[in-house]
Structure formats: C-alpha cells, structure tokens
Amino acid sequence: MNAPIVSFNQVGKSFEVDGLELEAIRDFNLHITEGEFVAIVGSSGCGKSTLLRLLVGLDTEFRGAIEVDGKAVKGVGSECGIVFQEHRLFPWLSVADNIGLGLVNAVLSPAQRQERVAAFIELVGLNDFARAFPHQLSGGMAQRVAIARGLVASPRILLLDEPFGALDALTRQQMQDELLAIRARSKITTVLVTHDVEEAIFLADRVVVLEPRPGQIKQVVNIDLPHPRQRSSFEFHQLREELLHELTNDGHYQPVAPVQVRDVPLAFIAV
Ligand SMILES: Nc1ncnc2c1ncn2[C@@H]1O[C@H](COP(=O)(O)OP(=O)(O)O)[C@@H](O)[C@H]1O
Ligand SMILES: [Mg+2]
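Residues numbered from 1 in each chain as written. Chains lettered and ligands numbered in written order. Predicted model: local features only at pLDDT ≥ 70, side-chain atom pairs only at ≥ 80, totals over all residues. Heavy atoms only, no water.

**Let's talk about the confidence of the model for the protein**
Okay, so step 1: Taken over all residues, the pLDDT of the protein has a mean of 90, while the share at 70 or more is 92%.
Okay, so step 2: Strand 3 (residues 37-41) holds the highest mean pLDDT among the elements of the protein, 98, whereas helix 8 (residues 266-269) holds the lowest, 38.
Okay, so step 3: Across residues 257-271, where pLDDT falls below 50, the model places 27 contacts with residues more than four positions away in sequence or in other chains. (pLDDT = per-residue confidence, 0-100. Helix = DSSP H or I, 4+ residues; strand = E, 2+ residues; numbered from the N terminus. Contact = heavy atoms within 4.5 Å.)

**Quick word on the site of ligand 1**
Okay, so step 1: Surveying the vicinity of ligand 1 reveals 14 residues, the closest of which are G45, G47, K48, S49 and T50.
Okay, so step 2: Between ligand 1 and the protein, one listed contact pairs an oxygen atom with a backbone N or O atom of C46 at 3.2 Å.
Okay, so step 3: Those elements that provide at least two residues to the shell around ligand 1 are strand 1 (6-17), strand 2 (20-32) and helix 1 (48-56).
Okay, so step 4: With 3 residues, the top contributor of residues to the shell around ligand 1 is helix 1.
Okay, so step 5: Taken together, the residues of the shell around ligand 1 break down into 5 nonpolar, 7 polar and 2 charged. (Near = heavy atom within 4 Å. Polar contact = N/O pair within 3.5 Å; in protein donor to acceptor, adjacent residues only side chain to side chain. Nonpolar A, V, L, I, M, F, W, Y, C, P; charged D, E, K, R; others polar.)

**Some points on the state of the cysteines**
Okay, so step 1: For the structure on display, the rule yields 0 disulfides.
Okay, so step 2: We note that C46 lacks a disulfide partner, and the nearest cysteine sulfur, in C80, lies 20 Å from it.
Okay, so step 3: Assessed through its relative accessible area of 0%, C46 is described here as buried.
Okay, so step 4: Residue C80 is classed as buried on the basis of its relative accessible area, which comes to 4%. (Disulfide = S-S within 2.5 Å. Buried < 20%, exposed > 50% of the residue type's maximum accessible area, 1.4 Å probe, protein only.)

**Topic: the sheet that holds strand 1**
Sheet strands pair via backbone hydrogen bonds, and the direction of the pair is either parallel or antiparallel.
Okay, so step 1: Read from one edge to the other, the open sheet built from 4 strands follows the order 2-1-4-5, with strand pairing classed as antiparallel. Only two strands of the sheet have a single neighbouring strand rather than two, namely strand 2 and strand 5 (71-72).
Okay, so step 2: Summarising the sheet, strand 1 and strand 2 pair through 9 bridges and their orientation is antiparallel. Along strand 2, the bridge assignment pairs S14 with E23.
Okay, so step 3: Where helix 1 meets the sheet, it contacts strand 1, strand 2 and strand 4 (63-68), and its direction lies at approximately 115° from that of strand 1. (Pairing = 2+ DSSP bridges. Axes fitted to C-alpha atoms, helices over the stretch in contact; angles between N-to-C directions.)

Rendered as structure tokens:
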C-alpha cells in the first residue's frame, strides 16, 4: 500500500473548561491514502470539528502525532483547503474576490491570479455570477463559492466541515452530486465531517463512526458501492441501517446538530 497522505497516530485532545479538563478526542488513529474520500460521522459535540482543526494546523496542542505527507503538522500550511458549514463569504466582496482570498499566500502575478480564479468559478459552475455579491446568491451557490475558495490554491487535501448542513434537502443532494463531479475532475483527497449518515454513504470510500465523550472511533466501514450510488438500493439501505444503529445505540445521537459558529481569522479561512 502507498504511504498515507494523512495519518493520525494515537491523537488525543483535551480542553480546559472552567478549570476542568474536558477530554474531546481519545486514541484517534486514522490513515488516509492519496485520492481517498473519508467521511467522519458522529453526533454533535463528539469532536469532528476538533479533528479537522488539528489536521489543518489551527490548533497545535494535542497528544500523539498528525502527519501530512510524512511531515508533522506544525501550523497552518497550504496542504489543506477547508470549507465550513456556514460559507463565511465576505458580503462586501464579489464571488471572484471571495474566491481570490484563497490565494492570499500564493505568489502569482495579477493576471495569473485572475486566470486561476476564473478557472475555479468555472469548476463550480458560477460563470454568470463572478461579479455577484453573496447576498445575491442562493445557499447552494454560496457554498459552491466556499468550495472554490477551498480549492483555488490547489491544496493536496480538501477538508469539509458539515458543508451542506445548512442547506435544504434538495439543494444538499445537488451539492453532493456536484462535489462528486468536482472530485472526479480534481481527484483530491477529501475528508468530510458530517452528522448525516446518508451523505457519508453516498459520497465516501470509507466512513469513520465516532462515539462521543470522549470522541473516539467506534467503527470504520468501507463503502464499496459503485458511483453513482442509489439511495434507494438495498445495499445502501443496509449500510444506512448499520451505521444509524452504531450512532444511535450510544444514546447521544441527535439527527439535527446545531450550527456552531466559531470565529477564525481571515488568513486561516483562506489557506
Ligand atoms: N475551544 C474550545 N474550548 C473548549 N471546549 C471546546 C472547544 N472546542 C471544542 N470544544 C468541546 O470539544 C467537544 C468537541 O467539539 P467539536 O469538535 O466542535 O464537536 P463536533 O464538531 O463533533 O460537533 C465538545 O464538547 C466541545 O464543547
Ligand atoms: Mg462541528
């Protein structure tokens, strides 16, 4: 097997809350190969966002080791592009300029920059909206801009933190199809965090089920179904039942997780 592009080895993370230690992640081990699509599912508060923040280098205090391409993660680099649940677009910037923020650290001439932004606007199908402002976009379109911003600097890994959680069911399904289409073109290693079991089965090669308090791996399931996957198929239904059973028998699972908004400085959003 090829060397993994991402590896978590015995990762643990605690927070101090009101002078008490809160263990958020315990003994987390995961190895992701290049091009793989891994989904991490779990109830609200079980440590999904924390895992992504550690991987992207936003938080460097943890136990164990996290490596990207064999190198320890020491801070925010350009390997990972990240997309959050709420799109975090800047209302006073156009679609093109919001996507361009993903290139703040890139060494490019203005013409190269413009060309790259245009290519990613095309990738997410927003050619007619390059000059539009966020308030003129639907939720799905805004999230497509956020995905383009996450991809524009050509990261090796795309991290998605409940990216479609705030969308209506129909738009969410369309976005899932589009994400697969984008991946078919860019073959990027992808880590998706979601509390939606169906979304995980529809999209991922492998689903990691987390259990809460402290967040740790309960089960890892390979999804061998060919694409496009049929939500109504027997195999899909069986996998959904199996994973829902794993998630619900710990008594913590809530089908709809509350939106969590945590402020992240601009430079971090744009990595
Ligand atoms: N900065 C922080 N300070 C204190 N506790 C935190 C912080 N970030 C996350 N937590 C706690 O860690 C646990 C996991 O949180 P999180 O990773 O956001 O879960 P999820 O994304 O699965 O909903 C929760 O109990 C949460 O309250
Ligand atoms: Mg979260």
